[in-house]
Amino acid sequence: MSDILVLVLRWLRSPLITLISVYAISIFGPVLMPGTDPSGQPLRLSVFDAFYVMTCTATTIGFGEVSYQRFERSVARMTDRFYVVCGYGQSGRRLVAALDRIGSGTVS
């Protein structure tokens, strides 16, 4: 079994090195880039913060387009008036419940 693992890792050596290199560059870019906080003070991201941001970005980009297009098509087919509710916390839930009680369509 270890021979197979060695062969697979040898075959994936170049793609893994490329992936790690690109990821490292994308992490150290925001670390080196200066920014400002809301009060105007200079701010730099820590390596951990940059790693977190890049990981979230890398794992979520591109996955929402298909479902978003499906959502757009379903909204375009609606003929009745409706309200789009952005945010479905406590207030959003109450708003949707109230709109449902009066017979208005909602999309949340």
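Residues numbered from 1 in each chain as written. Predicted model: local features only at pLDDT ≥ 70, side-chain atom pairs only at ≥ 80, totals over all residues. Heavy atoms only, no water.

## Observations regarding the overall build of the protein chain
Along the backbone of the protein chain there are 5 helices and 4 strands. Of the regular secondary structure in the protein chain, the N- to C-terminal order runs α-α-β-β-α-α-β-α-β. In summary, the protein chain has a C-alpha radius of gyration of 23 Å against a globular reference of 13 Å for 108 residues, an excess of more than 25%. In terms of overall dimensions, the protein chain has C-alpha extents of about 65 × 50 × 25 Å along its principal axes. Buried residues in the protein chain amount to 10% of all 108 residues. Summed over all atoms, the accessible surface of the protein chain reaches about 9,200 Å², with 66% contributed by carbon and sulfur. Taking the average location of the 10 positive side-chain charges in the protein chain and that of its 7 negative ones, the two points are 3 Å from each other. (Helix = DSSP H or I, 4+ residues; strand = E, 2+ residues; numbered from the N terminus. Rg over C-alpha atoms; globule rule 2.2 N^0.38 Å. Buried < 20%, exposed > 50% of the residue type's maximum accessible area, 1.4 Å probe, protein only. Areas by Shrake-Rupley, 256 points an atom, 1.4 Å probe, with all protein chains shown as cover. Lys, Arg positive; Asp, Glu negative; His and termini not counted. Charge placed at Lys NZ, Arg CZ, Asp CG, Glu CD.)

## Some points on the packing of helix α2 (residues 13-32) against helix α3 (residues 47-60)
Viewed as axis vectors pointing N to C, α2 and α3 meet at an angle of 125 degrees, and their least axial separation amounts to 8 Å. One way to sum up the angle between α2 and α3 is to call them oblique. Here α2 and α3 pass one another in a crossing that is right-handed. Counted together, Y23, S26, I27, F28, P30 and V31 of α2 and V47, A50, F51, M54, T55 and A58 of α3 form the full contact between these two elements. Its residues assigned to classes, the contact of α2 with α3 comprises 10 nonpolar, 2 polar and no charged. (Axes fitted to C-alpha atoms, helices over the stretch in contact; angles between N-to-C directions. Parallel < 35°, antiparallel > 145°, perpendicular 65-115°, else oblique. Left-handed = near helix turned anticlockwise from the far one by under 90°. Contact = heavy atoms within 4.5 Å. Nonpolar A, V, L, I, M, F, W, Y, C, P; charged D, E, K, R; others polar.)

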